[in-house]
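Reading the structure
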Amino acid sequence: MDGQLNRRSILPGMEDGDSETDQESFEQVTLRVAGHMLMVAGWVFLALLLIQTLMNTINRVNTVAYPVMSITMLMAWLLSRWRPHWRDTIITACVVLVALYIPFIVGLGMMDQLPHRELHLLAPASVMMPFSYLLIFFVFRMQTALMFSAVLFIGYALALVLPVYVLLPDYAQANAGFSVGVILIAQPVYVLMLTTFAWLKQRYESVQVRTDSLEMAADTDGLTQMHNRRRMTRELQRLLGSRTTRPIGLLIFDIDHFKSVNDNHGHQIGDEVLVQMAQTVKSCLREGEIAARWGGEEFLVAMPVNGLEDLQEIGERLRSSIEAQNWPLQLPITASFGASVWAPPETVDQLVDRADRALYSAKRCGRNCVRAYSPHEFPTAVMMDSEMEAPLPT
Ligand SMILES: Nc1nc2c(ncn2[C@@H]2O[C@H](COP(=O)(O)OP(=O)(O)OP(=O)(O)O)[C@@H](O)[C@H]2O)c(=O)[nH]1
């Protein structure tokens, strides 16, 4: 086991690509639903205006707005075909436009048409309604927002309908009644649009949470909960790319004779040692230092240092605190360390490779020690296990 987990190993049967496909199809669904909603809202809106025109109740504002809105929507449609990746922005812009426009225009129209001062007050209220819905959907979750919106809508409908029949004389009722009808139809359309967006947002958030936890799992070692190799490589690249004034030091260490721990006491004890090792490393970390399980029984720590000596001191502190730990079954667990300081412009691989060579040197020197990379020492540094002579943990 190399300690590296990826999505495949976390969710058996789930391929890496699966989640990406999931997300892609979700985005497609999102856009399709939003597009359908916009189209429905647009058609309802145009139909309402068309009815008004046919019934000759259109006012001077609508005369300008009708062609303007039609042209805007046509251009939005053409634009989204021409630049598909702008589609969600265009759809959002159009929905906001239509959503604001419907009550606004109807409100103005109503002000034009209603003969009684009392009813004039209701017209601006129709402009305020969408903002109220918006606020409700902003504050509450979808189901609660829907409930409040329904209550608000019923109250508003009564406030609109009753005065028309109570206050207006017969001759004005038909005209005002029509405007009131248009306003009332606009309200559910608006709530429907907000509901759709609230639903899409909820879906998006749940996909996001799932994606984040998958990302997290893909970057974390399952046994020790430390960063894994994949994450550490990224962190190292970030560290080397950052403009820190201090040199970057790297420690790589490997538990001594870990195979014999497994062979003599079983893999479960081996795992316990690895978990305790991770806790020991984490407890020794200071701000700005990062650690990972690099693979198997190998760990890596990186941090800004003042030089190679400083790095060796940090390694020595870690080595002695590992040695001083109370390990499962009182095993005499120790680790050997390799240290190297980044020499630009070398890559992450080159830096790790130099630390790894120093680690071989530490193993060769009897283990349980810290060795720094020295370029003169390593032309033939790779040693066989049999040449190493530290005592085995029993
Ligand atoms: N329990 C357990 N063992 C692991 C895990 N990953 C790797 N190992 C074991 O770690 C051991 C590594 O052994 P070697 O590479 O021979 O190294 P070593 O015995 O530590 O010897 P030196 O490094 O030379 O001191 C192998 O027996 C692996 O099976 C793990 O996740 N859990």
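Anyway, here's the lowdown on the structure attached to this text. In this text the structure is predicted, and so the values were computed from the model without any measurement. (Residues numbered from 1 in each chain as written. Predicted model: local features only at pLDDT ≥ 70, side-chain atom pairs only at ≥ 80, totals over all residues. Heavy atoms only, no water.)

Quick look at the pairing of strand E4 (residues 335–341) now. For E4, the tally of buried residues reaches seven of seven residues, placing the bulk of the element in the interior. Where burial is concerned, the two faces of E4 agree: the one with Ala335, Phe337, Ala339 and Val341 and the one with Ser336, Gly338 and Ser340 are both buried. Both strand E1 (residues 248–255) and E4 contribute to a ladder of seven bridges, which runs antiparallel. Note that in E4 the partner of glycine 249 across the bridge is valine 341. Pairing between E4 and strand E5 (residues 370–372): three bridges, direction parallel. Each bridged residue has a counterpart across the sheet, and for alanine 339 the counterpart in E5 is alanine 372. Between the parallel pair E4 and E5, the chain is carried across by helix H13 (residues 348–364), and the sense of this crossover is left-handed. (Buried < 20%, exposed > 50% of the residue type's maximum accessible area, 1.4 Å probe, protein only. Helix = DSSP H or I, 4+ residues; strand = E, 2+ residues; numbered from the N terminus. Pairing = 2+ DSSP bridges. Right-handed = clockwise from strand over helix to strand, strands pointing away.)

Right, let's get into the site of the ligand. By nearness alone, 18 residues border the ligand, and His257, Phe258, Lys259, Asp271 and Arg293 come closest of all. Between histidine 267 and the ligand, the recorded distance is 3.2 Å, taken from a backbone N or O atom to a nitrogen atom. Counting residues per element, the ones that place at least two in the shell around the ligand are E1, helix H10 (258–265) and helix H11 (267–284). The greatest single-element share of the shell around the ligand, amounting to four residues, is contributed by H11. (Near = heavy atom within 4 Å. Polar contact = N/O pair within 3.5 Å; in protein donor to acceptor, adjacent residues only side chain to side chain.)

As far as function goes, none of this settles anything; it's purely spatial.
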